[in-house]
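Each chain, written out:
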There are 2 protein chains.
Amino acid sequence: MDNKNNSQTSTSKAPPLGGGGGLPFYKYSDLSVADIARLVQRNVDPANEIRDLVEGVIANVKQNGDSALLDYALKFDKVELDKLYLGKAELEEIASAVSPDQQEALQTAYANIYKFHKAQLKTEDKVETMPGVTCWRELRAIEKVGLYIPGGTAVLPSTFLMLGIPARIAGCSEIVVCSPPQKNGKVNAFIAYVALMLGIDKVYLVGGSQAVAAMAYGTESITKVDKIFGPGNQFVTKAKTIIQSTTTTAIDMPAGPSEVLVIADETAKPAYVAADLLAQAEHGIDSQSILVCTSQVIADATIKEVEKQLAVLPRAEIARQAIANSYIVITDTLDEAMDFSNQYAPEHLILATEKWSAITPKIINAGSVFLGNLTPESVGDYASGTNHTLPTSSYSRAYSGVSVDSFVKKITFQFLTEEGIKNIGPAVEILADMEGLHAHRNAVSVRMAKSQN
Amino acid sequence: MDNKNNSQTSTSKAPPLGGGGGLPFYKYSDLSVADIARLVQRNVDPANEIRDLVEGVIANVKQNGDSALLDYALKFDKVELDKLYLGKAELEEIASAVSPDQQEALQTAYANIYKFHKAQLKTEDKVETMPGVTCWRELRAIEKVGLYIPGGTAVLPSTFLMLGIPARIAGCSEIVVCSPPQKNGKVNAFIAYVALMLGIDKVYLVGGSQAVAAMAYGTESITKVDKIFGPGNQFVTKAKTIIQSTTTTAIDMPAGPSEVLVIADETAKPAYVAADLLAQAEHGIDSQSILVCTSQVIADATIKEVEKQLAVLPRAEIARQAIANSYIVITDTLDEAMDFSNQYAPEHLILATEKWSAITPKIINAGSVFLGNLTPESVGDYASGTNHTLPTSSYSRAYSGVSVDSFVKKITFQFLTEEGIKNIGPAVEILADMEGLHAHRNAVSVRMAKSQN
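Residues numbered from 1 in each chain as written. Chains lettered and ligands numbered in written order. Predicted model: local features only at pLDDT ≥ 70, side-chain atom pairs only at ≥ 80, totals over all residues. Heavy atoms only, no water.

Draft legend 1. Structural context of the UniProt feature "binding site: Zn(2+)" (unreviewed entry) in chain A. Taking the UniProt record as the reference, the feature "binding site: Zn(2+)" (unreviewed entry) is found at Gln280, His283, Asp381 and His440 of chain A. Annotated residues spanning 161 residues; largest pairwise C-alpha distance 55.9 Å, indicating distribution over more than one region. For Gln280 of chain A, the position within the fold is in helix H10 (residues 270–281). With a relative accessible area of 0%, Gln280 of chain A lands in the buried category. What Gln280 of chain A contacts, discounting residues up to four positions off in sequence, is Ser258, Glu259, Val260, Ser287, Gln288, Ser289, His348 and Glu377 of chain A. When you line up the elements, His440 of chain A lands in helix H17 (residues 438–451). Classification of His440 of chain A by relative accessible area gives buried; the value is 1%. A polar atom in the side chain of His440 of chain A sits 2.7 Å from the side chain of Glu282 of chain B. (UniProt positions renumbered as here; feature names shortened; annotations may be inferred. Helix = DSSP H or I, 4+ residues; strand = E, 2+ residues; numbered from the N terminus. Buried < 20%, exposed > 50% of the residue type's maximum accessible area, 1.4 Å probe, protein only. Contact = heavy atoms within 4.5 Å. Polar contact = N/O pair within 3.5 Å; in protein donor to acceptor, adjacent residues only side chain to side chain.)

Draft legend 2. Highlighting helix H8 (residues 208–217) of chain A. Residue and element names in this part refer to chain A. Where burial is concerned, most of H8 is hidden: 9 out of the 10 residues are buried. Among all positions in H8, only Gly208, Ser209, Gln210, Ala211, Val212, Ala213, Ala214, Met215 and Ala216 are buried. In this structure, the buried side of H8 is in contact with helix H3 (48–76), strand E5 (144–148), strand E6 (174–178), strand E8 (227–229) and helix H9 (234–246). Once H8 finishes, Gly218 follows within two positions and takes phi at roughly 80 degrees, a positive value.

Draft legend 3. Layout of the sheet that holds strand E14 (residues 368–371) of chain B. Read across the open sheet, the 9 strands follow the order E3(A)-E4(A)-E15(A)-E14(B)-E13(B)-E10(B)-E11(B)-E12(B)-E1(B); overall the sheet is mixed. Of all the strands in the sheet, just strand E3 (127–130) of chain A together with strand E1 (25–27) of chain B have a single pairing partner and so form its edges. The sheet shows a mean angle of 20 degrees between the axes of neighbouring strands, taken without regard to direction. As defined by bridge partners, strand E10 (residues 259–264) of chain B adjoins strand E11 (residues 288–293) of chain B across 6 bridges and the pair is classed as parallel. Within E11 of chain B, the residue paired with Val260 of chain B across the bridge is Ser289 of chain B. Sitting on the sheet, helix H5 (residues 100–118) of chain B is in contact with E3, strand E4 (133–141) and strand E15 (408–416) of chain A, with an inclination near 170 degrees to E3 of chain A. (Pairing = 2+ DSSP bridges. Axes fitted to C-alpha atoms, helices over the stretch in contact; angles between N-to-C directions.)

Draft legend 4. Layout of the relation of the copies chain B and chain A. Overlaying chain B with chain A gives an RMSD of 0.0 Å, the required rotation being 180 degrees about an axis along which the chain moves by 0.0 Å. Between the two chains, the operation in question is that of a two-fold axis. For chain B, the residue whose C-alpha comes nearest the rotation axis is Ser245 of chain B, separated from it by 3.7 Å. Most of the interface of chain B is mirrored in chain A, where 99% of its interface residues again form contacts. (Least-squares fit on C-alpha atoms with pLDDT ≥ 70 in both.)

Structure (structure tokens):
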């Protein structure tokens, strides 16, 4: 089994204890703080090579607009486009290839995602902080949002649902969608079908960092947006982080390769755990599938199951390389397992134990959590209702996944009555003096003079 | 009056109509789309000169830790420090200089800010998206946060309250505070007093981009944090955006110079409007104070009041330059005024009109809003309860101000029963097939086989 990608574990002081199925394992109690720091580190950004390349693409799109996009379609997507988008009639024609079963599955996903995200949209109460001083927050949709839907080898209609549904619930007035063209100059039928489900009747045939640049700066055909959402390869991600730090266009979050951490104890089912590890591993060779297990017996049985299931997996080659980039940690207790997990800060956390309710309160860092033996990550990837756009690469320490919150601003309001300005005015005058800001003081004083008349 | 800073208006096709007090004014109906675009543009980032400098500071701090910080204290703050922080006893000694009146004012601000922010902390209901499929979100505090409190000429205890209170409400387990040392190697008494109010017993004497670097990478004394908050000069801001795009440490938001947009009609009070414009202008020469007014009479009277109030203002020189960087737009209606405001996307929006309730629903982009003639921005800057850490430079199109939300993650959870996996399984199997992800399908199939036994 190819272990050459496994650089972070090979530099660890505590050598892996071995283990089959390409998964080295470690005993938690043998690991030093430095060992753990090395194990949980991943995706350290080589940064500048990609940066220079992507900055060139951004500058070209900013300068040359649509014509740069048509050039890149030819160069990167190997397709000569007549025009940069598909309209409603074309989408309808393409979408007609979606079978009734597939339509029903997409509608189930849509309904569940809609129901969960709709519940996130709440109005807030007004708070009277002092008599006559009332403060509150109101939601406003971000007006113009851009959704990047990856294409090429991995066409992800599920991602389109995960971004389009909260954008619609938030009430964004303009939703720009970019997805790379296939060789035939079109998008995949599922993408077309989801666009129509969402009431979106135009999809731009633009991929890669050039799509991010087009949505950030605008071109003749593509509207400049206020915030860009969606996963992509390292070029898309780099373009998003550059855009975020050089323009006023926001991004959802940085994105790295997908990952899962499974905490399992003696009540876990090895066949299920193996299936979950492999579901993550088939995403790409840079995916990580980490098992943290209190039972050596379950860990060993899981390794056997991984081998067995790999044998019949169509994407086995990819999964095998991702598994080689993964590892198992054996702990004495579920608390220790959770401690390791919080240091790893996983995108997806599966609690493969019947005792999940005892350790849930100890979760500090995770994107989305799957509870018990009957809740695979797959259900959240597609249809349980939660969002699958989640913080990877330990970003779950500080970031949440995408939700309706990601598509709105919360604007604060305050209103003072005459009583309010009398009550709060003297404190504000003193505070403004403390900061040496006389005009700040005066803005209160002129009003107090009047209200005291 | 010095108009040389007023570059964005001088390039506008529609020439300013004149106006006194250094405030050029424009008739909204005369402005083209391009004119408006030029008027609302501000703070275009020259980027790379500052970037190179700040990248050098970050690299040095990453490499040399505390010793780099001590060097920078000598170089930038002109003070030789014995140690990098003040402890509890030192803070108490420094804080004893705060007078009872000042203590009371700080306590009023604390109480109001606490009350408003506490109401933001809510638990969410569980949602059963399908029978047996339950989804919800739980809040978790970001574990380690860093607060940057500016010092030097503008010491801002109010900013410390605005960041420290929501961090405490969220329950962050570690709050690292950095503030530049004064010439005497200490912090200002108000900063020390606020630290103690917040239960923070250590303040690091580190300022500028080196403080951001220290909190992002950690040093011998300073803990690496998950998210960095706080305003600062252009070096601090550049360091934050670099950190955000090159590490997993998040930031609150990018920050530019402060700004206010006042919408006024014939019911506005010129003396109050002038006071509000000047309160903004005294912040710094790059601040902007925009007046959008439906009444030429009120606009003219406001200009006269600006001149009158400027005459007695201690920071008149700064305010005068900021005013020279500002302008007035005359509109026919409040709707037009709001339309301009939404395009400007102000940090602070004051509705100086008795008809504020009619136009509030039309607000799309703003950071914080002040309603009616008795609600100056100053009250929100200090004590109404709302947060004053707000999106500037048109970032309010996509960003919200700081709140308790900024200090927590919302983690999604899902739990399936046997009925749940039976209900949702078939749809997930089809969706996984559509994306060609067989192992995703299998993670459901293995569980369905079992649950159908």
